[in-house]
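# Remarks on the overall topology
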Amino acid sequence: MERVTLRTIGVVGSGQMGRGIAQVAAQSGFDVLLHDQDATALDAARTFIDSSLKRLVEKGRLPEGARAETLGRIRAVADPGAFAAADFVIEAVSERLEVKTRVFAALDAACRTGVILASNTSSLSITKIASATRRPERVIGMHFMNPVPVMELVEIVAGQATSEGTLETTRDLAKALGRTPVTAQDYPGFISNRVLMPMINEAIYALYEGVGGRDDIDAVLRLGMRHPMGPLALADFIGLDTCLAILEILQQGFGDPKYRPCPLLRRMVDAGHLGRKSGRGFYEYGPEGAPR
Ligand code: NAD
């Protein structure tokens, strides 16, 4: 594949991740087309990005003039047809295969032939998503971490048909966005969740079986292994429903009982105790999501 200069990045989905990706791309000098099916999510993303840039200015990490300039590079588009002008597209819509395949089929129709379509999925098969398009060699995983402006890693996921050229362009883009790319093959959980989720699940089992209390388990990993937060606090941060969904994908994908989600995790999800976002998980949270 010939090396192309990327100028305009399309971002689909303006939730937690999409707005962060749009901000980082605009801060890195790219023009951004940001689309969401929900107009209020698009408005909210703009407000969120503006206040995030404002905080960077206050902390002296961004010159005042750059705030308006950066925001000016992001154009919210209601019609996905506008992606005909995009040189590279990153999808960050809800983590449901049927939603993603529908979005990829629409992007395949709207985008120019050579354009790479990347998914920010944390657990779904890139190979399956790619099969919804007529350009599977140009479909790839670009798994940013949350919160995007802060986290350095991008896990690049190569599907069965992803070409070397697509991989190279995507790695270059990740670097141009100031991130560090790491490449993983398209198997359940990639590298990040394949390693992280069994640890979180095991910590929940340790609590369930009474090996230790909540604070003991988190303290062992924080103070003994220098993790910035304990696994139970991290599970709350990610969302217990998300943790359960990823563990189920690992269990089904490998057919291996070692990924069996802990019954306590299931019970908490059934109760609606989803972590920070619901105000209660292993810990309790105030209205701003701060631990109580
Ligand atoms: P979110 O719910 O905050 O945002 C999803 C957005 O997608 C919503 O604004 C929704 O309106 C929009 N959307 C849904 N269907 C759409 C469609 N058909 N067309 C256009 N927009 C549509 O979710 P999120 O946390 O930002 O996650 C997005 C993706 O990023 C998921 O694949 C998730 O697995 C992945 N991810 C999330 C995290 C995390 O910690 N939240 C981390 C890494 C990767």
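The rules behind these values
Residues numbered from 1 in each chain as written. Predicted model: local features only at pLDDT ≥ 70, side-chain atom pairs only at ≥ 80, totals over all residues. Heavy atoms only, no water. Pairing = 2+ DSSP bridges. Helix = DSSP H or I, 4+ residues; strand = E, 2+ residues; numbered from the N terminus. Axes fitted to C-alpha atoms, helices over the stretch in contact; angles between N-to-C directions. Contact = heavy atoms within 4.5 Å. Near = heavy atom within 4 Å. Polar contact = N/O pair within 3.5 Å; in protein donor to acceptor, adjacent residues only side chain to side chain. Areas by Shrake-Rupley, 256 points an atom, 1.4 Å probe, with all protein chains shown as cover. Nonpolar A, V, L, I, M, F, W, Y, C, P; charged D, E, K, R; others polar.

Next up on the list: the sheet that holds strand 8 (residues 180-185). Taking strand neighbours across the sheet as the criterion, the 8 strands line up as 3-2-1-4-5-6-7-8 in an open arrangement whose pairing is mixed. Each edge of the open sheet is held by one strand with a lone partner, namely strand 3 (74-77) and strand 8. Direction aside, the axes of adjacent strands within the sheet are offset by 25° on average. Here strand 1 (residues 8-12) pairs with strand 2 (residues 31-35) via 5 bridges, running parallel. Its bridge partner lying in strand 2, Thr 8 is registered against Asp 31. Each of strand 2 and strand 3 is contacted by helix 2 (residues 39-58), which is oriented at about 165° to strand 3, the strand it contacts most.

Near the ligand there are 22 residues, and of these Met 17, Asp 36, Glu 95, Lys 100 and Ser 122 occur at the shortest range. A distance of 2.7 Å is found between an oxygen atom of the ligand and a side-chain nitrogen or oxygen belonging to Asp 36. In isolation the ligand offers 830 Å² of accessible surface; the protein chains occlude 79% of this area. Secondary structure elements with two or more residues in the shell around the ligand: helix 1 (16-27), helix 4 (97-110) and strand 6 (139-144). When residues in the shell around the ligand are grouped by element, the largest group, 3 residues, is from helix 4. Partitioned by chemical class, the residues of the shell around the ligand number 8 nonpolar, 10 polar and 4 charged.

The amide bond that connects Asn 146 to the next residue, Pro 147, takes the cis arrangement and shows omega of -5°. Of note, Pro 147 is situated in the loop between strand 6 and strand 7 (153-158). For Phe 190, which is not glycine, the phi dihedral falls at a positive 50°. Structurally, the position occupied by Phe 190 is in the loop between strand 8 and helix 7 (192-208). Although it is not a glycine, Arg 226 adopts a positive phi angle of roughly 60°. Relative to the elements of secondary structure, Arg 226 occurs in the loop between helix 8 (214-224) and helix 9 (231-238).

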